[in-house]
Each structure stands twice: as structure tokens, then as C-alpha cells.
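Here's the letter readout for the chains.
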Amino acid sequence: MLIGKKNDILSSEITPEAVYLNRRQLIKGAAAMAAYAALPVSAQAGRGDMLFKVAVPDGAYYTSEPQTPFDDATSYNNFYEFGTAKTDPAKYAHALTSDPWSIEVGGAVAKPGVYHLEDLLKGVDIEERIYRLRCVEAWSMVIPWLGFPLSALIKRFEPTSKAKYIEFTTLYRPEEMRGQRSAFSTIRWPYVEGLRMDEAMHPLTIMSVGMYGRELPNQNGAPIRLVVPWKYGFKSIKSIVKVRFTERKPKTSWEGIAPEEYGFYANVNPEVDHPRWSQRFERRLPNSLLKPNRIKTQMFNGYEDQVAGLYKGMNLRRNY
Ligand SMILES: Nc1nc2c(c(=O)[nH]1)N[C@H]1C(S)=C(S)[C@@H](COP(=O)(O)O)O[C@H]1N2
Ligand SMILES: [Mo]
């Protein structure tokens, strides 16, 4: 297994071009393999000039719902590091340097260290999965993600019996992230999210490195982000630089801002209203005043069969 250790050469000592090609090749190779294995290739509508096409059967990892056009998925975003307006990330995230990139792994694990992204990608099979993403602000999208199960990564770090939760942290780099320089920012940087260990190990939980057959655009969380399809979008933390295994429940950024509005669990739940609005419906993007595209929100964002068991016996009104 090819995993970088603390004492390996730093990514900054490798020429950026070489690293860039390397990463592209890894993602490209994996996507091409997936396409080859998943014949027959189906033509998906609205995917634009994608690099790869893969078959899209139905099932938990896929949906036959129409995909959100690439342009909408990359121009209507939440990424507060670049500003609070939905159009800010597309406007300003180009300033982010996503290469070289490394992730610091720590806490209750046998193999802590600083891992180069390329090394983390070497051992895994990158697959395409088509998941819904639903924001707590009631819009949703259907996105073909390229990624791999988070569980595959976790196993390589060998968590100890003390690891009950995982805490994820986004890059803090105010020189490139103008939202982190803002005096009006409500979030305490860096952005932090967390999962219970069984949620993190669930096969639907992925680390994404691309979408629509390409690398992740900066505004969508380049070069690596979490995707937890049954939870509200804010759980799917972008541009991750740190992963910590903890015994205690991590304190997330959104809980820090408004704990009554953004709970740790953040499971999509049409039965439990957000304090300021109903959660029963969502707007599937793209939408407009004339075409509201309003649809009913499903329990666990439609992944109830797969994940309801994780919360058996829990009061979901209290654990929102
Ligand atoms: N680091 C970071 N990750 C983040 C956010 C953020 O502000 N910063 N916003 C979250 C929210 S609220 C949502 S809805 C999704 C949006 O993902 P998308 O822009 O790729 O659709 O990203 C999540 N991940
Ligand atoms: Mo969100």
C-alpha cells in the first residue's frame, strides 16, 4: 500500500506541474476503468463536455432523476470561505491553490501523519456515484460525483477503540479565501464538521475528488471533499486539510453559529421544521419564479432504506 508518512518529502518539493498531471491521471484512469467495467455506456443528458461516460444503473449509489446541469451545480454554491452569496464561490474560488495538497491525520489512530493527496488516491478505486445534495436552505441538486468510500481511507489509518467520531477541517488560508478576511463573517474559521464513526463508515459516505467526469471545481471543494447524501449539505465539508479521530463529539462550525438551527446530526427530515421554515419541500435546481420546480423532500433525502438503521431508537426531533 502506498501511503505517505510524516517524513516523506513535502509536496512543495515536487514541481507543481508533475503533481498536477499525476493527480489528473489518477482520477482519469480510475474514471476510465469504471466506464470500462460498467458497460453498456449510457448517454446522460445535460452532462456537457465531460471526459468520461459511465453506465448509470438505479440503486442507492445512483438515481435516474435528471442530473442538475454542470453550470448550475458550479454557479449556485455555499462555500463561506469565499463569501456568503450563492454566486461568490464561482466568482472568487479561482484564487484557491489546490495543488499541492496534503491532509493531516491525527487523534485516535495507529497511523497518524501528513499524507499527500496523491498518495491517498493511489490505493483507492474512484467510482462515479449519482447522489442528491440538499441544502438546509431548501434547494437541491443531483450530481454525478467521482469519489471513493470514506471507509476505505479510515481503515488505512487504523483507528483505535477510542475513535468514536471523526472531525474534518477545511483549509484556513485567508490570503486566498476572501471570506476568511471578512470582518462580517459569522463562522469561526476554520470550518469544522463531524460524523459519528458508524456514519463515516457507511458505504454511502464518500470522499469526492471530482464531478461530471472531471476534477472538482474549486467552488465545489477542490481538491477533496466529503459527500454525505442523506444529510443536509453543510455536513459535506469542502477542501479538507485535516481529519481527526476523537472520543468526544466534535463541535461543528454551524453549531457554533446557531445550535438550535444546525444540529450535529443534520439528517434531512421533512418531519422536523427548521426554526425559521418548513422542511417539507425543496427546489430542485435549476429553478426560476415561473418554474419553481418544487418537490417533496424525502426522509433521509431518499436514502431511508440504507441509513434509517443508524438512528434506531434515537429521537430525531431532539437529535436534529
Ligand atoms: N468548507 C466549507 N464546506 C462547505 C460549506 C462551506 O461554507 N465551507 N458549505 C456547505 C453547505 S451549507 C452546502 S449546502 C454544501 C454546498 O455544496 P456545493 O456548493 O458543492 O453544492 O457545501 C457545504 N460544505
Ligand atoms: Mo447548505
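All of these numbers come straight from a predicted model, not from anything done at the bench. (Residues numbered from 1 in each chain as written. Chains lettered and ligands numbered in written order. Predicted model: local features only at pLDDT ≥ 70, side-chain atom pairs only at ≥ 80, totals over all residues. Heavy atoms only, no water.)

**Student:** Residues and numbers for the packing of aromatic side chains, please.
**Tutor:** Under the defined criterion, the tally for this structure stands at 14 aromatic pairs. Centroid distance Tyr131 to Tyr303: 5.9 Å. Interplanar angle 80°. Geometry classified as edge-to-face. Of this pair, Tyr131 sits in strand β3 (residues 127-134) while Tyr303 is found in the loop between β12 (294-296) and α9 (304-307), placing the two residues 172 residues apart along the sequence. Across the pair, exposure class does not vary: Tyr131 and Tyr303 are buried alike. (Phe/Tyr/Trp six-rings, centres within 6.5 Å; stacked < 30°, edge-to-face > 60°. Helix = DSSP H or I, 4+ residues; strand = E, 2+ residues; numbered from the N terminus. Buried < 20%, exposed > 50% of the residue type's maximum accessible area, 1.4 Å probe, protein only.)

**Student:** Please give an account of the nonpolar core that cites residues and values.
**Tutor:** Residues Trp145, Phe148, Leu150, Phe168, Leu226, Trp230 and Phe245 are the most contacted members of the largest nonpolar core, which totals 77 residues. If one sorts the elements of this core by residue count, strand β4 (residues 139-149) sits on top with 6 residues. (Core = buried A, V, L, I, M, F, W, Y, C linked by side-chain atoms within 4.5 Å.)

**Student:** Quick rundown of the UniProt feature "binding site: Mo-molybdopterin" (unreviewed entry) in the chain? Include the residues and the values.
**Tutor:** Feature annotation in UniProt places "binding site: Mo-molybdopterin" (unreviewed entry) on Asn77, Tyr80, Glu81, Cys135, Thr170, Asn220, Arg225, Ser236, Ile237 and Lys238, given in this structure's numbering. Considering the arrangement of structural elements, one finds Asn77 in the loop between α2 (70-73) and α3 (88-92). Classification of Asn77 as buried rests on a relative accessible area of 4%. The contact partners of Asn77, leaving out residues within four places of it in the chain, are Ala85, Lys86, Pro89, Gln219, Asn220 and Lys238. For Asn77, the side chain forms a polar contact with the main-chain nitrogen of Ser75, separated by 3.4 Å. (UniProt positions renumbered as here; feature names shortened; annotations may be inferred. Contact = heavy atoms within 4.5 Å. Polar contact = N/O pair within 3.5 Å; in protein donor to acceptor, adjacent residues only side chain to side chain.)

**Student:** An account of the pairing of strand β7 (residues 206-211) is needed here, citing residue identities and associated values.
**Tutor:** With 6 of its 6 residues buried, β7 lies for the most part within the structure. In terms of strand pairing, β4 meets β7 through 5 bridges, oriented antiparallel. Looking across to β7, one finds that Leu146 is bridged to Gly210. Across 3 bridges, β7 lies against strand β9 (residues 225-227) in antiparallel orientation. Its bridge partner being in β9, Ile206 is matched across the sheet by Val227. With 2 bridges joining them, β7 and strand β8 (residues 214-215) adopt antiparallel strand pairing. Bridged to Met211 within β8 is Arg214. Hairpin remark: β7 followed by β8, antiparallel, with 2 residues in the connecting loop; positive phi at Tyr212, about 50°. (Pairing = 2+ DSSP bridges.)

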